[in-house]
Amino acid sequence: MRGGGKARSSRALAVSWCPATWLPRLDMGRLSRPRSSISHRNLPPLFLFFLFVGPFTCLASYSRATELLYSLNEGLPAGVLIGSLAEDLRLVPRAAGRQDQLSQLPERPVAERNPPLSFSLASRGLSGQYVTLDNRSGELHTSAQEIDREALCLEGGGGAWGGSISISSSPSSDSCLLLLDVLVLPQEYFRFVKVKIAIRDINDNAPQFPVSQISVWVPENAPINTRLAIEHPAMDPDIGTNGVQTYRLLDYHRMFTLDVEENENGERTPYLIVMGLLDRETQDQYVSIIIAEDGGSPPLLGSATLTIGITDINDNCPLFTDSQINVTVFGNATVGTPVAAVQAVDRDLGTNAQITYAYSQKVPQASKDLFHLDETTGVIKLFSKIGGSVLQTHKLTILANGPGCIPAVTTALVTIIKVIFRPPEIVPRYIANEVDDVVYLKELEPINTPIAFFTIRDPEGKYKVNCYLDGEGPFRLSPYKPYNNEYLLETTKPMDYELQQFYEIAVVAWNSEGFHVKKIIKVQLLDDNDNAPIFLQPLLELTIEENNAPHAFLTKLYATDADSEERGQVSYFLGPDAPSYFSLDSVTGILTVSTQLDREEKEKYRYTVRAVDSGKPPRESVATVVLTVLDKNDNSPRFINKDFSFFVPENFPGYGEIGVISVTDADAGRNGWVALSVVNQSDIFVIDTGKGMLRAKVSLDREQQSSYTLWVEAVDGGEPALSSTAKITILLLDINDNPPLVLFPQSNMSYLLVLPSTLPGSPVTEVYAVDKDTGMNAVIAYSIIGRRGPRPESFRIDPKTGNITLEEALLQTDYGLHRLLVKVSDHGYPEPLHSTVMVNLFVNDTVSNESYIESLLRKEPEINIEEKEPQISIEPTHRKVEAVSCVPTLVALSVISLGSITLVTGMGIYICLRRGKNHHREDENLDVQIPLKGKIDLHMRERKPMAISNI
């Protein structure tokens, strides 16, 4: 697939270097106009110059080093042809239609390449990600990994020629290059080619603002054409015309416009230009959408919300809503009565809108003394009692002052209405303690405690006077009968100083003409020690880590006492059950512990603390302190035994329970969690962390290893973890799982030559066996359980040693093969195991025909099995030899000898008579089957015949 104008828009420029002079050598067939600064009309002189000067100034050949330049667009699919190194290096003829404009220059003749050319990257690196190189044709194609110019050159800039492929970009340049090192082989055509692939940008990224909300603040007095830079301009990873070109607003509100300035680095910044007069009081904010547009085709857009806030300036002054107000006040009005209120408004904000009120200098001092003006609120109140000589009308000129403003002016016209009739009178007579019109009562006074009598009367004597109690509190004003116009003030319920200490009530009298008069009564409660201190927490649950530092802070006790003065002063004390090493500061209530606590000794401490006030008598309350000592990992796991020993029968099943490894940790919680693991032999043994059960992964064989020594590590869960180890010894108890192994004779097919001249009692051979077990399981006994031959009873076996001896002298009739089936049995429990072996004895003077004997051995003899167990002594016995007379012994031996001679003579006659018959039946008699019990090695090497004789 050809890249067309995108992949090959500029042809390759080939340059070679001379090591001596660094004189560039130009491949005129590959010189392209976009990449070269040399014009066509200058090419012939330049070519002639290098043609004649080159050989004298450079001894290096064209094949030393060459640089090829290609260009292609980013984002091309896989398989787009980038260039052919073989053609561009003029190593093969150019394909049809790809001749350069300089092809009229002489071409070097191209011969058949043998061996063929090979192209390869100098090292693998990252080349396979973006380009593929055909090793035979030298063609470069795009790979399946799409080339993203922004990802390569914005993140991987600063490439060099160090590897097979790298990335090169320059902050001051729009170039983005892939750099490859290519080797051309074989040696006779060797070239080291540097390939540069320029990645051209396409418009594949839209402008994007770094924030979605942009705010610009403009003062409301900003003149027209004021320019304000908009921070957070849009960013576009593309370059050139594909980058951000212009900005615009979706709604200019007929107040603004945008301009774009470009700095020397090519960065464009939008500026907001004020095109109209702003007034915050009319509109304090404008919201629009700012749009950034790049120069691609088609262009791509990015947007953000632009909020233009109008900041306030002090361009407004206070204004009164009314220029004059008229008010009246009665001459008997009480001091503090509100008379009027003025209000001005400033449309500015914050400090620009602060207003203060003041009287004009034109207002007489007498009016100022009678009426007080609040400079902040503008409220006018009666400041003093209206006398008879006071003017009836007062003109109050009031100024409203704002920062930097001319004061606004309004007028309050106050008319005083004089009272013609005298008001009622209230005459108090106090029962409770009173000082300066303040009545003092104890908080523990009972209900209906009298406070004062009040006499209500009319000075004119013409009007009926009534009265009532004004104000809140536990008080009652009632007529005191049988007297008229007499009233008693008393309490209605108990009073509590801690709830309210002061009351202000008023006795109000009025006559039928509507005139009112008040008598203010102030009641001050006196505190009593009626409250005990109260702990904020009656149960204090505290914690502290063990191994604390001495005098460690535990908590600060805090108790409140609602009483006042010394009655509310609280002191703190430890209860009698508190241990001596706890301290409590009586003033501050700080509780400390003077010694180091150990959780393993005691985890919880519970005792009381007291809070005592200073009243008389003092009151106190008690709180309980529960101190929990938190665990610290200060104890290593401890095994109950330093060494553990377990006796396990061999062939114990895999993962069977061998024994429990008991371990404890005095710590608590995670610090007391213990994990057990086998340090060595972990391939054979495993331990359950939870139960501490030791198990063997496989069945154990005592014959392979009789004991195991393990080290088990216990690690707790603390930070840092503590550990300890214990030694575990596992002794395997033998069980009878191995039958005796016969080592001699080595085969049932071996035989031994026994000479007829062998004397009775002479050892002929032996059966030797071993048992891998131990103890009784390894004690071996030998016995003959089957015989076959002319007279096989002539041989006996020692049950203990396995030695086979000749019992009787051999006769002429005993010639031939004697076969003894020997049982080798152990004394194992509960059932002994055994093996059998065939002992072959050939009685003859010589071995003249071995093949005949071997044929006899190959026949399985029929032997009747005798199930007689051998009786041997397991332990050697020590007998005490008693001194006896030699005469009885000699007599016994003589009798035995005479009997033996007689028996031998008789047997000799009998054998001679049957000798001939036995020779004819020998073959038939030896052809029997021998059933073998136990484990018998039938493939042992045959032993050579050996002659046994005592002659």
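It should be emphasised that the depicted structure is a prediction, and the values quoted were computed from it without experimental measurement. Starting from 1, residues in each chain are numbered consecutively following that chain's sequence as written. Local features in this predicted model are restricted to residues whose pLDDT is 70 or higher, and side-chain atom pairs enter the listing and the counts only when it is 80 or higher, whereas totals over whole chains, interfaces and linings include all residues. With hydrogens and water stripped out, all remaining heavy atoms of the structure feed into the side-chain values.

## Here's the deal with the sheet that holds strand β51 (residues 693–696)
Where strands meet in a sheet, backbone hydrogen bonds hold them as pairs that are either parallel or antiparallel.
Then, in step 1: Strand pairing requires that DSSP identify at least two bridges connecting the strands. In this text, helices come from DSSP runs of H or I with a minimum length of four residues, and strands from runs of E with a minimum of two, each type numbered from the N-terminal end. With antiparallel pairing, the three strands of this open sheet are ordered in space as β47-β51-β50. The two strands at the open ends of the sheet, each matched to only one other strand, are β47 (657–660) and β50 (685–687). Adjacent strand axes in the sheet meet at a mean angle of 25 degrees when their direction is disregarded.
Then, in step 2: Where β47 and β51 come together, three bridges link them in antiparallel fashion. Paired with Val660 across the bridge in β51 is Met693. Axis lines are fitted to C-alpha atoms, over the contacting stretch for helices. Their N-to-C directions set the angle, which ranges from 0 to 180 degrees.

## What to know about the pairing of strand β14 (residues 256–262)
Then, in step 1: Sheet topology note: the β14/strand β15 (residues 268–274) ladder contains seven bridges and is antiparallel. Note on β15: the bridge partner recorded for Glu261 is Thr269.
Then, in step 2: Connecting β14 to the next strand, β15, in antiparallel fashion are five residues, including Gly266 with a positive phi near 85 degrees.

## Focus on helix α7 (residues 850–858)
Then, in step 1: Exposure is judged per residue with a 1.4 Å probe applied to protein chains only, and the accessible area is read against the type maximum: over 50% gives exposed, under 20% gives buried, and values in between give partly exposed. For α7, the set of buried residues is Ile853, Leu856 and Leu857. Along α7, the residues classed as buried sweep out an arc of 100 degrees about the axis, all on the same side. The reported arc concerns the directions from the helix axis to the C-beta atoms and nothing else.

## Notes on the sheet that holds strand β24 (residues 379–382)
Then, in step 1: Ordered by their spatial adjacency, three strands build an open sheet running β20-β24-β23, and the pairing between neighbours is antiparallel. Whereas interior strands pair on both sides, the edge strands pair on one side only; in this sheet they are β20 (338–341) and β23 (371–373). Strand-to-strand twist across the sheet, computed as the mean angle between neighbouring axes with direction ignored, equals 20 degrees.
Then, in step 2: Across three bridges, the pairing between β23 and β24 is antiparallel. Pairing of His372 across the sheet is with Lys381, part of β24.

## Observations concerning the packing of aromatic side chains
Then, in step 1: Two rings from Phe, Tyr or Trp (for Trp, the six-membered ring) form a pair when their centres sit within 6.5 Å of each other. Planes less than 30 degrees apart are called stacked, planes more than 60 degrees apart edge-to-face, and all others tilted. By the definition in use, this model includes 15 aromatic pairs.
Then, in step 2: Measuring from ring centre to ring centre gives 5.5 Å for Tyr468 and Trp510, while their planes differ by 65 degrees; the resulting arrangement is edge-to-face. A residue pair is termed long-range when its members are at least 10 positions apart, and Tyr468 in strand β31 (residues 465–470) and Trp510 in strand β34 (residues 502–511) qualify at 42 residues.
Then, in step 3: Ring centres 6.4 Å apart and planes at 10 degrees place the aromatic pair Phe644 and Phe646 in the stacked group. Considered together, Phe644 and Phe646 belong to a single accessibility category, that of buried residues.
Then, in step 4: One aromatic cluster is present, built from ring pairs that chain together Tyr581, Phe582, Tyr605 and Tyr607.

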